[in-house]
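# Examining the three-dimensional arrangement
Below are the chains, spelled out letter by letter.
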Amino acid sequence: MVYTTAGVKFPSLKHLELGINYPYADDTLFRGNSLDYLKLTHDDDLFDMLANLDICTQVQFIEIVTHFRCGSYSELSKPFVVPAAFIKRFSSSLTRLCLNSGLFESYNFNVELHLARLQILHCTTTTLGWKGIMLLLKNCPHLTHLTCRASRYDDQNISPSMVKSLINENYPLNSNFWYLSVTTKHIQAYDISTAILLAVLCPNFSYIDVDDANRQKFNSRIDYWIEKCNLAEYAETINRIKFKEPAASSESSDSDDYIMGISDIF
């Protein structure tokens, strides 16, 4: 059963978490307040309502999760779609967006999704190729952190001429972006190529999330690609994303502690 109300019921509401489908047929929970945090389950009707109402213009952090009320595991584990119109509604205020399961309606973040203030985007089931990542970083100039799936069908055949062309046309692609996490079990060739291109186009990009066991292999692959693709003139810039050898001391450095704490952001 859904309900309707009159008047402003929650004038001081700032933080809203809904673990169920939206229980009202109108904007009861959003009317007359200044929400800045929304945690929602996948709810197409609610997405449509918020996309078409001039409310929630102050929201800075949105998290969308799957709820497990009924249905088989295979049905519930399927990614859902987050409409572009819903995200666009918050384009002037949103700084953090987290999709624990879900796909954006527009695969490559078309120009309509210009999220001017977005800093952190965590979308573990959204697949982005290099072109999609480039467009995202252009349209979200304040983005610092990105978590996504990398497209295995968008591998880059990197060459000095290609890199020079990208630099001439796009540098700096994004001056704030510095952290990338790809949600694949192992770092693949297309992840390496993406990291290299980000290193030369984003002046502050310095960290791709790689587990400890594969960091030495990652460094070796970076060296291999620099040699294979004749990128020696960009080696100093690209080497910025390589992992440093651990210090002899058993004590962790302040920077190590900082990197270890990155997961707390999401």
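Residues numbered from 1 in each chain as written. Predicted model: local features only at pLDDT ≥ 70, side-chain atom pairs only at ≥ 80, totals over all residues. Heavy atoms only, no water.

## Structural notes on the overall build of the chain
The condition that has to hold: Counting from the N terminus, the helices are the DSSP runs of H or I reaching at least four residues and the strands are the DSSP runs of E reaching at least two. The cut-offs for exposure are 20% and 50% of the maximum accessible area for each residue type, with area from a 1.4 Å probe on protein chains only; residues under the lower value are buried, those over the upper are exposed, and the others partly exposed. In what follows, a contact means two residues having at least one pair of non-hydrogen atoms within 4.5 Å. For every accessible area listed, the method is Shrake-Rupley and the probe measures 1.4 Å; residues are considered covered only by the protein chains on display.
Broken down by element type, the chain carries nine helices and ten strands. The buried share of the chain, reckoned over its 266 residues, is 47%. Within the chain, contacts between residues separated by at least 24 positions form 63% of all contacts whose residues are at least 6 apart in sequence. Accessible surface computed for the chain: about 13,900 Å², of which carbon and sulfur atoms make up 49%.

## Here we look at the pairing of strand β3 (residues 61-65)
The following threshold applies: Note on handedness: a clockwise path from strand one over the helix to strand two, with the strands aimed away from the viewer, defines a right-handed crossover. At least two DSSP bridges between two strands are required for those strands to pair.
With five of five residues buried, β3 is to be regarded as a mostly interior element. This β-α-β element, strand β2 (residues 37-41) to helix α1 (residues 44-51) to β3, shows right-handed connectivity. Two strands pair when backbone bridges link them, and β3 and strand β5 (residues 96-99) are joined in this way by four bridges, in the parallel orientation. Counted as the bridge partner of Phe61 is Arg96 from β5.

## Examining the side chain of Arg31
As a reminder of what qualifies: Throughout this description, a polar contact denotes any pair of N or O atoms lying within 3.5 Å of each other; where both atoms belong to protein, one of them has to be capable of donating a hydrogen while the other can accept it, and for residues adjacent in sequence the pair is counted only when both atoms sit in side chains.
Note on placement: Arg31 falls in the loop between β1 (15-17) and β2. Within the local environment of Arg31, its side chain forms a polar contact with the side chain of Asp26, the two groups lying 3.3 Å apart. Apart from residues no more than four positions distant in its own chain, Arg31 is found in contact with Thr5, Ala6, Gly7, Val8 and Asp26.

## Structural notes on the packing of helix α5 (residues 160-170) against helix α6 (residues 189-201)
Here is the rule we go by: Lines are fitted to the C-alpha atoms to define the axes, a helix being fitted only along its stretch in contact, and any angle between axes, read from their N-to-C directions, falls within 0 to 180 degrees. Any angle from 65 to 115 degrees is called roughly perpendicular, while one under 35 is roughly parallel, one over 145 is roughly antiparallel, and all others are oblique. For any helix crossing, the convention is left-handed if the near helix is rotated counterclockwise from the far helix by under a right angle, and right-handed if that rotation is clockwise. Any residue outside Ala, Val, Leu, Ile, Met, Phe, Trp, Tyr, Cys, Pro, Asp, Glu, Lys and Arg is labelled polar, Gly included; the first ten of those are nonpolar and the last four are charged.
Where α5 contacts α6, the two axes come as close as 10 Å, and the packing angle between them is 45°. By the angle between their axes, α5 is oblique relative to α6. Classified by chirality, the crossing of α6 by α5 is right-handed. Residue-level inspection shows Met162, Val163, Leu166, Ile167 and Asn170 of α5 in contact with α6, the latter providing Leu197, Val200 and Leu201. A per-class count over the contact of α5 with α6 returns seven nonpolar, one polar and no charged.

## So, the environment of Asp43
Along the chain, Asp43 falls in the loop between β2 and α1. Between the C-alpha atoms of Asp43 and Thr66, which are 23 residues apart in sequence, the distance is 9.3 Å. Filtering out sequence-adjacent residues up to four positions away, Asp43 remains in contact with Asn21 and Tyr22. A distance of 2.8 Å separates the side chain of Asp43 from the backbone nitrogen of Tyr22, its partner in a polar contact.

## With respect to the packing of aromatic side chains
Operational definition: Each aromatic pair joins two rings of Phe, Tyr and Trp (for Trp, the six-membered one) with centres within 6.5 Å, and gets the label stacked for planes under 30 degrees apart, edge-to-face for over 60, and tilted for any other angle. Charge-over-ring placement is defined geometrically: NZ (Lys) or CZ (Arg) within 6 Å of the ring centre, and within 35 degrees of the ring normal.
Summed over the entire model, instances satisfying the criterion amount to ten aromatic pairs. A ring pair is formed by Tyr22 and Phe30, whose centres lie 5.5 Å apart and whose planes are at 35°; its orientation type is tilted. No difference in accessibility class separates Tyr22 from Phe30, as the two residues are buried. A centroid spacing of 5.6 Å and a plane angle of 0° characterise the contact between Phe177 and Phe205, whose relative ring orientation is stacked. Here Phe177 is found in the loop between α5 and β9 (179-182), whereas its partner Phe205 is found in the loop between α6 and β10 (207-208), with 28 residues between them in sequence. Between the NZ or CZ atom of Arg96 and the centre of the ring of Phe61, over which it lies, the distance is 5.9 Å.

## A look at the confidence of the model for the chain
To be explicit about the condition: Scored from 0 to 100, pLDDT reflects the predictor's confidence in each residue.
Per-residue pLDDT for the chain averages 82, and the proportion of residues at 70 or more is 80%. Here helix α9 (residues 254-260) stands out as the element of the chain with the lowest mean pLDDT, 44, in contrast to helix α8 (residues 235-238), whose mean of 97 is the highest. Note that residues 68-76 has pLDDT below 50 and, in this model, six contacts with residues that lie over four places away or in other chains.

## Comments concerning the pairing of strand β7 (residues 120-128)
Most of β7 is tucked away, with eight of its nine residues classed as buried. The pairing of β5 with β7 spans four bridges and is classified as parallel. In the strand pairing of β7, Arg96 is matched with Ile120. In this structure, β7 lies alongside strand β8 (residues 145-150), joined through five bridges in parallel fashion. The residue of β8 that forms the bridge with Ile120 is His145. A crossover connection joins β7 to the parallel β8 through helix α4 (residues 130-139); in handedness this β-α-β unit is right-handed.

## What about the nonpolar core?
Note the following rule: Grouping buried Ala, Val, Leu, Ile, Met, Phe, Trp, Tyr and Cys residues that are joined through side-chain atoms within 4.5 Å yields what is termed a nonpolar core.
Ranked by size, the top nonpolar core spans 76 residues in total, and within it Phe30, Leu50, Phe86 and Phe205 carry the most contacts. With nine residues, α6 is the largest single contributor of residues to this core. Residues contacting Leu50, with those up to four places away along its chain left out, are Phe30, Leu40, Ile55, Cys56, Phe86, Arg89 and Phe90.

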